[in-house]
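What follows is the residue order along each chain.
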Amino acid sequence: MNPKQLACVVLMSIIGAVTYFGQIVHNKVAAMKGEAEAASEDATAAEDARQVSEILVTKTRAETDELRRFLKVWTPHADKVQTEQEVESAFEMSLRDRGITLVRSRKSEVKPRRADPFIPRIVQTSIVVEDDYAKVMNWFGDIEKRLPLARVVACTLSGGSSVRQLKLDVTIETPIVDMAAVPGSKTPAKPGSKPDSTKKA
């Protein structure tokens, strides 16, 4: 092989090597470009999803603003009464503070509500008191202050044993609210018994 042929062979080898490595580099650049485009598309999709989420959060906050403010106001009252004993204590303290001396009857019963995790049970208190008109009405108002979540399901007013006395027969239901069942709430429910028996005084 003469020098010219040898030079051509060497030149062809160099050209082949350059072409081979050039192809490898081109393929790598193309792959990196494809990855960059995919990453850019993913970033755009993620940004769109973030904007949609922000819109949904803003909308949800606006729609639930009244409910959240309501919950904020009433949560302390719900936390204050978590057991039947606390309901009973509220009645005891109110009767004592208002000076009601004659309690003709009093009955307390716990009613479970398995279908409602937010209010798992209700304490129903039936009580008949008789005393001076002002004392009885003030006591009735005091119960509303002590148990603001309670509701009156039955109420009968009649004359007492004397002209100045009033007899009040009332049934009040006090919900036991489980704040742990509220989404997003960090308020743990107080441990308490769940008696189903009827207590009489």
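Just above, that's the structure.
Here is what the cut-offs are and how they apply
Residues numbered from 1 in each chain as written. Predicted model: local features only at pLDDT ≥ 70, side-chain atom pairs only at ≥ 80, totals over all residues. Heavy atoms only, no water. Phe/Tyr/Trp six-rings, centres within 6.5 Å; stacked < 30°, edge-to-face > 60°. Helix = DSSP H or I, 4+ residues; strand = E, 2+ residues; numbered from the N terminus. Buried < 20%, exposed > 50% of the residue type's maximum accessible area, 1.4 Å probe, protein only. Axes fitted to C-alpha atoms, helices over the stretch in contact; angles between N-to-C directions. Left-handed = near helix turned anticlockwise from the far one by under 90°. Contact = heavy atoms within 4.5 Å. Nonpolar A, V, L, I, M, F, W, Y, C, P; charged D, E, K, R; others polar. Expected span 1.5 Å × (residues − 1). Arc of directions from axis to C-beta. Salt bridge = Lys/Arg side-chain N within 4 Å of Asp/Glu carboxyl O. Lys, Arg positive; Asp, Glu negative; His and termini not counted.

(A) Seen up close, the packing of aromatic side chains. Considering all chains together, one arrives at 2 aromatic pairs under this definition. A ring pair is formed by Phe-91 and Trp-139, whose centres lie 6.4 Å apart and whose planes are at 50°; its orientation type is tilted. Separated by 48 residues along the polypeptide, Phe-91 in helix α2 (residues 84-97) and Trp-139 in helix α3 (residues 133-146) bring together distant segments of the chain. Assigned by exposure class, Phe-91 and Trp-139 land together as buried.

(B) Molecular detail of the packing of α2 against α3. Where α2 meets α3, the axes come as close as 10 Å, and the angle between the chain directions of the two elements is 145°. Crossing of α2 against α3: the hand is right-handed. Counted together, Ala-90, Phe-91, Met-93, Ser-94, Leu-95 and Asp-97 of α2 and Trp-139, Asp-142, Ile-143 and Arg-146 of α3 form the full contact between these two elements. Residues of the contact of α2 with α3, tallied by class, amount to 6 nonpolar, 1 polar and 3 charged.

(C) Spatial organisation of α2. Look at α2: 20 Å from first C-alpha to last across 14 residues, which is about the 20 Å you get at 1.5 Å a residue. Among the residues of α2, those classed as buried are Glu-84, Val-87, Glu-88, Ala-90, Phe-91, Ser-94 and Leu-95. Buried positions in α2, seen along its axis, are confined to an arc of 155° and lie on one side of it.

(D) Seen up close, the pattern of salt bridges. Enumeration over the complete set of coordinates arrives at 14 salt bridges. One salt bridge connects Glu-88 with Arg-106, and the closest N-O pair in it is separated by 3.0 Å. Within this pair, whereas Glu-88 is found in helix α2, its partner Arg-106 is found in strand β1 (residues 102-112), the two being separated by 18 residues in sequence. Given the relative accessible area of 13%, Glu-88 is considered buried. Of the charged contacts in the structure, one is a salt bridge between Glu-173 and Arg-151, with a shortest N-O distance of 3.0 Å. In this pair, Glu-173 sits in strand β4 (residues 165-176) while Arg-151 sits in strand β3 (residues 151-159), placing the two residues 22 residues apart along the sequence. Of the residues examined, Glu-173 reaches a relative accessible area of 10% and is grouped as buried. By sharing partners, the salt bridges in this structure join Arg-96, Asp-97, Arg-98, Asp-142 and Arg-146 into a single network.

(E) Geometry of the side chain of Arg-121. Tracing the chain through its elements places Arg-121 in strand β2 (residues 121-132). At 7.2 Å, Asp-178 is the nearest oppositely charged side chain to Arg-121, a buried residue that forms no salt bridge.

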